[in-house]
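Coordinate inspection notes
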Amino acid sequence: MSGMARPKGTLSTLYAGNRHVFRLVAVILAWMVFMALTRFEKFYTLINFQTMASQFPEFGLMALGVMLCMVTGGIDLSTVGIANLAAILTAFFLKAVALPDGGLPAYAIPAAFALAMAVGAVLGVFNGLLVSKVRIPPILATLGASELFTGVAIVLTNGNAVSKLPIGYATAINSKVLGNLIPVQLIVFTAVALVIWFLLNRTTYGVKIYLLGTNATAARFSGLSNDRLLVKTYMLSGICAALGGMIMLANYNSARANYGSVYVLQCILIVVLGGVSPAGGKGRISGVVLAIFLLRLLETGINRFPQISSYYISLIWGGVLLLVMVLDYFSDYSAGRRLKRRPATPAP
Amino acid sequence: MRKLLALLLAAALTLSLGAALAQENWEIVVVPKDASNPWFVRMKVGVDEYAKETGLNLYQKGTPEIDATLQAQLVQDLIAQGVDAICVVPVNPESLEPVLKQAMDAGIVVIAHEGASLTNVNYDIEAFSNSGYGAFIMDNLAEAMGGEGLYTTMVAHVTNASHNEWADGGVARQKEAYPNMTLLEAEPRVESEDNGDVAYNKAKELFKKYPDLKGIMGTSSYDAPGIARAIEELGLQGKVFTSGTGMPAANKAILDSGIVKSLTLWDPALAGKAMAALAVKVLKGEEITAPVDLGVEGYTALTFKAGSDKVLEGQGWVVITKDNVDSFGF
């Protein structure tokens, strides 16, 4: 941001660099105040926040993957397909290794996570190859892959749910740690979010994919291997999606080819609301994480009003998305005007 | 001493009044598969009506679309909110089990409908037993046929458990109550594949092949309407008959024209009321012993399904004729 020519103190610098994030915080605070005024005793309870913290990781993890793809200028529509396929395969694995008394051997849970992440990585690499080597536009490649993965999942299960899993896995993920306070789902989400933050902000991989998303041609002439970067990115997205599938497997103690089908579009909305440009090259993980919180707060908040039909969730969600984008447009517009005016003044 | 007694009495009265007030403050939520499907819009009509009649804090809340994950999250939100009873029509029983267990652990009363396989519920209400519903369809068919003649049965697939139990129930009812009717032994059970066109073609074929055939009992909601088209096209109206499951609005034309005298169904509005009534009974701590009377039409003598202490079956079937076809709203 070169508009920072006039130093105005750290706070305004911070604001100028994180306009979008501040705006999301403002919307979240406004909603929290509204809930405090209308439904304080039913919303501000420990169990309510614990419930929300166990609910958002499943789609939050998928959204983190979609974010990476969108930074490169692509998209991943196959997250839910990968999540379900990984969850189904893991469910088969857990059933296979279960002890005769219904318990699980000690290695089962780490092995299950390793298996799911491997499945996610393989499917993600498949997506990445379609996008980079075969040069199918990401939206079509991942849509096709999504159908394919879901189809395989249906064939594997005959469309039924895989249930009657050994209860040990669901119990482990559904429990709370640190004095029965923090849901395990939240720990998984936080760990993945930190890894992605690190990759984007502290490694060359991050710098490269922002460059790739900004201008693929420039990236290629700068000596970057675009194809490898894309394969890596879709692989990471696949791993995130598979972890989301693992959380779903625990939350519903079963896996099925059509679980979470609403999450495909929801993830894209979250990522765009989080300030990631669909054209690529722009976006912060903090924005996406805030957008994930905001969605859950809105949905849970609305569920506190018996009279309000659930249709309004889509309506309010769409309204918030458009509101934030309109606010963005006006602030970018005014920032753009300031930028343009400055070089114009010294002209003859 | 008298003063103390009076004081105690007053305290007891206040307490019981408080308890009575608390009863009225029970929060009971009905969670359907979704909010926009006409079937569940009809259920909401019943739930709202029951809330008005009884003054209960009772309401229906559904997700914007039919999705197992959304439904589970809605139920989790309701648990966190601390409602007293949850009545649910599960999208997918398996995915709801762990969530319903959380509800039961939190001391919330859980009543299900069309979820006979669920274990983490206080009770599950089914509108009827499969054989009872089959007998009811047979009664309707027999009435149209005048209690005599050759008939056969149609199911979606011979592998479909509930349809075949209905058909078996119908045949058993005929053997017991309508001695002048006979089952077409050559083809006692035909398949419609849950498809109106297949039902239509199958019926045309049957009527041509067996000129004596006087009636077909339908089970899937595509059967009777498909058979009715065949009857109309072959000009057999008034000579051959059908009855079976059917949705009201979609079949208004064939009921109005008299090709089909009656269709059978169960009313989601009554099922919604029955769930709420049972939730209140459980909250009050009443003992649930068969036959259970919920004070809702068709749910006045519920009995436990054989071998289960959770699944209750009613007589909640309704008959749809040209006179009441417009009253359902779906």
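Predicted, not measured: the structure shown is a model, and the values here were computed from it.

Structural notes on the overall build of chain B
- A tally of helices and strands in chain B yields 10 helices and 14 strands.
- Oriented by its inertia axes, the alpha-carbon framework of chain B measures out at about 90 × 45 × 35 Å.
- Burial statistics for chain B: of 330 residues in total, 51% are counted as buried.
- Pairs at least 24 apart in sequence give 70% of the contacts found in chain B among residues at least 6 apart.

Here we look at the overall build of chain A
- Scanning chain A from terminus to terminus reveals 14 helices and two strands.
- Relative to the globule expectation of 20 Å for 348 residues, the C-alpha radius of gyration of chain A, 22 Å, shows essentially globular dimensions.
- Counting only C-alpha atoms, chain A reaches 85 × 55 × 35 Å along its principal axes.
- A total of 348 residues make up chain A; the buried ones form 44% of that total.
- Expressed as a percentage of contacts within chain A between residues at least 6 apart in sequence, the contacts between residues at least 24 apart total 77%.

Thoughts on the packing of helix H4 (residues 79-97) of chain A against helix H5 (residues 108-132) of chain A
All names here are of chain A.
- Across the interface, H4 lies against H5 with an axial gap of 9 Å and an inter-helix angle of 145 degrees. Of the two elements, H4 crosses H5, and the hand of that crossing is right-handed. Residues Ile-82, Leu-85, Ala-86, Leu-89, Thr-90, Phe-93, Leu-94 and Val-97 of H4 touch H5, and the partners they reach there are Ala-108, Ala-112, Leu-115, Ala-116, Val-119, Gly-120 and Leu-123.
- Residue composition of the contact of H4 with H5, by class: 13 nonpolar, two polar and no charged.

Focus on the interface of chain A and chain B
- At the junction of the two partners, chain A supplies 29 residues and chain B supplies 23 residues.
- Those elements that place two or more of their residues in the side of chain A that touches chain B are helix H3 (46-71), helix H7 (167-174), helix H11 (226-252) and helix H14 (311-344) of chain A.
- Here the element with the most residues in the side of chain A that touches chain B is H3(A); it accounts for four residues.
- A class-by-class count of the residues in the side of chain A that touches chain B yields 10 nonpolar, 16 polar and three charged.

Concerning unusual backbone geometry
- Here the bond from B:Ala290 into B:Pro291 is cis, since omega is -5 degrees, no more than 30 degrees from zero.
- With respect to the secondary-structure elements, B:Pro291 resides in the loop between helix H10 (268-283) and strand S12 (303-304).
- The backbone of A:Arg135 shows a phi angle near 60 degrees, a positive value even though the residue is not glycine.
- Mapped onto the secondary structure, A:Arg135 falls in the loop between H5 and helix H6 (138-157).
- A count of 9 C-beta atoms within 10 Å places A:Arg135 in the exposed class.
- For B:Glu114, which is not glycine, the phi dihedral falls at a positive 55 degrees.

So, the packing of H5(A) against H11(A)
Residue and element names in this part refer to chain A.
- Running from amino to carboxyl end, H5 crosses H11 at an angle of 145 degrees, the nearest separation of the two axes being 6 Å. The way H5 lies across H11 gives a crossing that is right-handed.
- Broken down by class, the residue content of the contact of H5 with H11 amounts to 19 nonpolar, 10 polar and one charged.

Section: the nonpolar core
- Core analysis: the biggest nonpolar cluster contains 193 residues, and B:Ile86, B:Ile111 and B:Ala276 have the highest contact counts within it.
- Top element by residues in this core is H11(A). It accounts for 17 residues.
- Here this core gathers at least three residues from each of two domains, domain 1 (17-121 + 268-312) and domain 2 (130-265) of chain B.
- Setting aside anything within four residues of it in sequence, one finds B:Ala276 in contact with B:Ile28, B:Val30, B:Val47, B:Tyr50, B:Leu56, B:Leu58 and B:Cys87.

Topic: the environment of A:Gly65
All names here are of chain A.
- With respect to the helices, strands and loops of the structure, Gly-65 is situated in helix H3.
- For Gly-65 and Cys-267, which are 202 residues apart along the polypeptide, the C-alpha to C-alpha distance reads 9.1 Å.
- Once you skip the residues sitting within four places of it in the chain, Gly-65 turns out to touch Asp-76, Thr-79, Leu-236, Ser-237, Cys-240 and Ala-241.

Here we look at helix H2 (residues 38-54) of chain B
Residues and elements named next belong to chain B.
- Across its 17 residues, H2 extends 24 Å between first and last C-alpha, which sits within 8% of the 24 Å expected from 1.5 Å per residue.
- Taken as a whole, H2 has its buried residues at Phe-40, Arg-42, Met-43, Lys-44, Gly-46, Val-47 and Tyr-50.
- Turning to H2, the residues buried within the fold contact strand S1 (27-31), strand S2 (57-60) and H10.

Quick look at the environment of B:Leu70
- Mapped onto the elements, B:Leu70 comes out in helix H3 (residues 68-81).
- For the pair B:Leu70 and B:Lys33, spaced 37 residues apart in the sequence, the C-alpha separation amounts to 9.7 Å.

Topic: the pairing of strand S11 (residues 263-266) of chain B
Residue and element names in this part refer to chain B.
- Across the two faces of S11 the burial is the same, with Leu-263 and Leu-265 and Thr-264 and Trp-266 all buried.
- As judged from the four bridges shared by S11 and strand S14 (residues 317-320), these two strands associate in the antiparallel manner. Bridging across to S14, Thr-264 finds its partner in Val-319.

Some remarks on the sheet that holds strand S3 (residues 85-88) of chain B
Residue and element names in this part refer to chain B.
- The strand order S2-S1-S3-S4-S5-S13-S12 describes an open sheet built from seven strands, whose pairing is mixed. The open sheet has two free edges, formed respectively by S2 and S12, since each of these has just one partner strand.
- Across the sheet, H2 is in contact with S1 and S2; its angle to S2 comes to roughly 170 degrees.
- Relative to S1, H3 is tilted by about 180 degrees, and along the sheet it contacts S1 and S3.

What to know about the confidence of the model for chain A
- Within chain A, residue pLDDT values average 87, and 90% of them lie at 70 or more.
- Predicted confidence is poor over residues 1-5 of chain A, with pLDDT under 50, and the contacts of this stretch with residues over four places away or in other chains come to eight contacts.

Overview of the environment of B:Ser262
All names here are of chain B.
- Within the element layout of this structure, Ser-262 appears in the loop between helix H9 (252-256) and S11.
- Along the primary structure Ser-262 and Asp-323 are separated by 61 residues, whereas in three dimensions their C-alpha atoms are 10.0 Å apart.
- Those residues in contact with Ser-262 that sit more than four places away from it in its chain are Asn-140, Ser-243, Val-319, Ile-320 and Thr-321.

Focus: H3(A)
Residue and element names in this part refer to chain A.
- The terminal C-alpha atoms of H3 lie 35 Å apart, and with 26 residues this matches the ideal 38 Å at 1.5 Å per residue to within 8%.
- Taking the largest bend as the criterion, H3 deviates by roughly 40 degrees, centred on Pro-57.
- Here H3 lies mainly inside the structure; 22 of its 26 residues are buried.
- One or two positions beyond H3, positive phi appears at Gly-73, with a value near 90 degrees.

What to know about the confidence of the model for chain B
All names here are of chain B.
- Of all residues in chain B, 93% have pLDDT values of 70 or greater, and the mean over the chain is 88.
- Mean pLDDT across the elements of chain B ranges from a minimum in helix H1 (residues 2-24), with 53, to a maximum in S3, with 96.
- For residues 15-22, every residue scores under 50 in pLDDT, and the model assigns this stretch zero contacts once sequence neighbours within four places are set aside.

Rules behind the numbers
- Residues numbered from 1 in each chain as written.
- Chains lettered and ligands numbered in written order.
- Predicted model: local features only at pLDDT ≥ 70, side-chain atom pairs only at ≥ 80, totals over all residues.
- Helix = DSSP H or I, 4+ residues; strand = E, 2+ residues; numbered from the N terminus.
- Buried ≥ 20, exposed ≤ 12 C-beta atoms within 10 Å, placed from the backbone.
- Contact = placed C-beta atoms within 7 Å.
- Rg over C-alpha atoms; globule rule 2.2 N^0.38 Å.
- Axes fitted to C-alpha atoms, helices over the stretch in contact; angles between N-to-C directions.
- Left-handed = near helix turned anticlockwise from the far one by under 90°.
- Nonpolar A, V, L, I, M, F, W, Y, C, P; charged D, E, K, R; others polar.
- Core = buried A, V, L, I, M, F, W, Y, C linked by C-beta atoms within 7 Å.
- Domains from an automatic or database assignment.
- Expected span 1.5 Å × (residues − 1).
- Pairing = 2+ DSSP bridges.
- pLDDT = per-residue confidence, 0-100.
- Bend = angle between axes of the 7 residues up to and from the residue.

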